[in-house]
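Residue-level listing of the chains:
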Amino acid sequence: MTREETRISPEELEAAQYFHGHTCPAMPQGLRAGHLAMDLLGVNRARGGSELVAIVETGDHHFSGCFVDGVMFATGCTTGKGNLVRKPLGKFAVTLIDTKTLSAVRVTPHYERMSQCLTMDFFKLRANGVPPYELDPKVVEPLINDVLTKPWEEIFAVQTFDQYPYRKEPEVFDAVQCAHCGELVVTSYATSYQGHWYCEPCLDRALHAASPES
């Protein structure tokens, strides 16, 4: 490891839980995975959208999607800054890329650990429709403590890359007004048609309006 593993303080955990909205074990797991990846790379939390990129593989509508919120909180890679890339593979992994060096680290929980989750009371209750914020803390807190205190080698598998194949997209600062709806559209998402700029939905309407009737 490039530097000693960052310990997650009670204050950071509380702030991350507030951001996430409820207490559960998956968010702290992502929080720790994000910190571990930064420690292995020897980088600091992203302040802008260009220093780091996180690729998360969870997807939607499954039992540990909360992992991603922990990754975002730890790394500073967010949807708004454009440095969080979602690959919906149904896995529990994050690849963190240092865009300056193209070094990268992929962190994922061990299969044995994740498969055991499905037998735990927390996940059984969740599968039966109980919201996480209505669960007894006695069911949740031991799992969070386990995630945050066990040696990382018992929780995560790590893969490193010297030259990750990543190409940075330039940030766009140009925008136009859509000729139909009048709304602002970033130029790279707009199309020029017959001397006017259109957003995608309005361009579709304009093209249909220009088509001869059958």
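I will try to describe carefully the structure that is included in this document. Values in this document were obtained by computation on a predicted structure and should not be read as measured data. (Residues numbered from 1 in each chain as written. Predicted model: local features only at pLDDT ≥ 70, side-chain atom pairs only at ≥ 80, totals over all residues. Heavy atoms only, no water.)

1. Side note on the packing of helix H1 (residues 10–20) against helix H3 (residues 67–75)
What describes two packed helices is the angle between their axes and the distance between those same axes.
Thought 1: Two elements in contact, H1 and H3, have axes separated by 10 Å at closest approach and are oriented at 125 degrees. Relative to H3, the element H1 lies oblique. The chirality of how H1 crosses H3 is right-handed. Side by side, H1 and H3 meet where Glu-12, Ala-15, Ala-16, Phe-19 and His-20 of the first sit next to Asp-69, Met-72 and Phe-73 of the second.
Thought 2: Tallied by class, the residues present in the contact of H1 with H3 amount to five nonpolar, one polar and two charged. (Axes fitted to C-alpha atoms, helices over the stretch in contact; angles between N-to-C directions. Helix = DSSP H or I, 4+ residues; strand = E, 2+ residues; numbered from the N terminus. Parallel < 35°, antiparallel > 145°, perpendicular 65-115°, else oblique. Left-handed = near helix turned anticlockwise from the far one by under 90°. Contact = heavy atoms within 4.5 Å. Nonpolar A, V, L, I, M, F, W, Y, C, P; charged D, E, K, R; others polar.)

2. Focus on the nonpolar core
Thought 1: Core analysis: the largest hydrophobic core is formed by 43 residues, its most contacted members being Val-94, Leu-96 and Val-107.
Thought 2: Broken down by element, the residue count for this core peaks at nine residues, all from helix H2 (residues 26–41).
Thought 3: When residues no more than four places from it in sequence are discounted, the contact partners of Val-107 are Ala-33, Leu-36, Ala-37, Phe-92, Ala-93, Val-94, Phe-156, Ala-157 and Val-158.
Thought 4: By size, the runner-up hydrophobic cluster in this structure holds 10 residues, among which are Val-185, Ala-190, Cys-202 and Leu-203. (Core = buried A, V, L, I, M, F, W, Y, C linked by side-chain atoms within 4.5 Å. Buried < 20%, exposed > 50% of the residue type's maximum accessible area, 1.4 Å probe, protein only.)

3. Observations concerning H1
Thought 1: Inspection of H1 places Glu-12, Leu-13, Ala-16, Gln-17 and His-20 among the buried residues, and these make up the whole buried set. Down the axis of H1, the buried set is contained in an arc of 135 degrees. They therefore lie on one face. Among the exposed residues of H1, those oriented more than 90 degrees off its buried face are Pro-10, Glu-11, Glu-14 and Tyr-18.
Thought 2: For H1, the elements touching its buried residues are H2, H3 and helix H6 (137–149).
Thought 3: Once H1 finishes, Gly-21 follows within two positions and takes phi at roughly 110 degrees, a positive value. (Arc of directions from axis to C-beta.)

4. Things to note about the pattern of salt bridges
Thought 1: This structure, assessed with the given rule, holds six salt bridges.
Thought 2: Ionic pairing is found between Asp-60 and Arg-86, a salt bridge with its closest N-O pair at 2.6 Å. You can see Asp-60 sitting in the loop between strand S1 (52–56) and H3 and its partner Arg-86 sitting in strand S2 (residues 84–86), a full 26 residues away along the chain.
Thought 3: The class for Asp-60 is partly exposed, based on a relative accessible area of 49%.
Thought 4: Note that Asp-146 and Arg-113 form a salt bridge whose closest N and O atoms lie 2.4 Å from each other. Here Arg-113 lies in helix H4 (residues 111–117) and Asp-146 lies in helix H6, a separation of 33 residues in the sequence.
Thought 5: Arg-113 sits in the buried class, given a relative accessible area of 15%.
Thought 6: By sharing partners, the salt bridges in this structure join Glu-5, Arg-7 and Arg-32 into a single network. (Salt bridge = Lys/Arg side-chain N within 4 Å of Asp/Glu carboxyl O.)

5. Topic: the sheet that holds strand S4 (residues 104–109)
Thought 1: As summarised here, the arrangement of the five strands in space is S2-S1-S3-S4-S5, forming an open sheet in which the pairing is mixed. Only two strands of the sheet have a single neighbouring strand rather than two, namely S2 and strand S5 (156–161). Taken over all neighbouring pairs, the strand axes of this sheet differ in orientation by 20 degrees on average, direction set aside.
Thought 2: In terms of strand pairing, S1 meets strand S3 (residues 94–98) through five bridges, oriented antiparallel. When the sheet's bridge partners are listed, Ile-55 is paired in S3 with Thr-95.
Thought 3: Of the strands in this sheet, S1, S3, S4 and S5 are in contact with H2, which crosses S4 at around 150 degrees.
Thought 4: In the packing of H3 onto the sheet, contacts are made with S1, S2, S3 and S4, and the angle to S1 comes to roughly 175 degrees. (Pairing = 2+ DSSP bridges.)

6. Topic: the side chain of Glu-12
Thought 1: Tracing the backbone shows Glu-12 in helix H1.
Thought 2: Ignoring anything within four residues of it in the chain, the contact list for Glu-12 reads Leu-31, His-35 and Phe-73.

7. Concerning H2
Thought 1: Look at H2: 23 Å from first C-alpha to last across 16 residues, which is about the 22 Å you get at 1.5 Å a residue.
Thought 2: Of all 16 residues that make up H2, 16 are buried, and the element is covered over most of its length.
Thought 3: Directly beyond the C-terminal end of H2, a positive phi value near 75 degrees is found at Gly-42. (Expected span 1.5 Å × (residues − 1).)

Nothing here speaks to function; it is all geometry.
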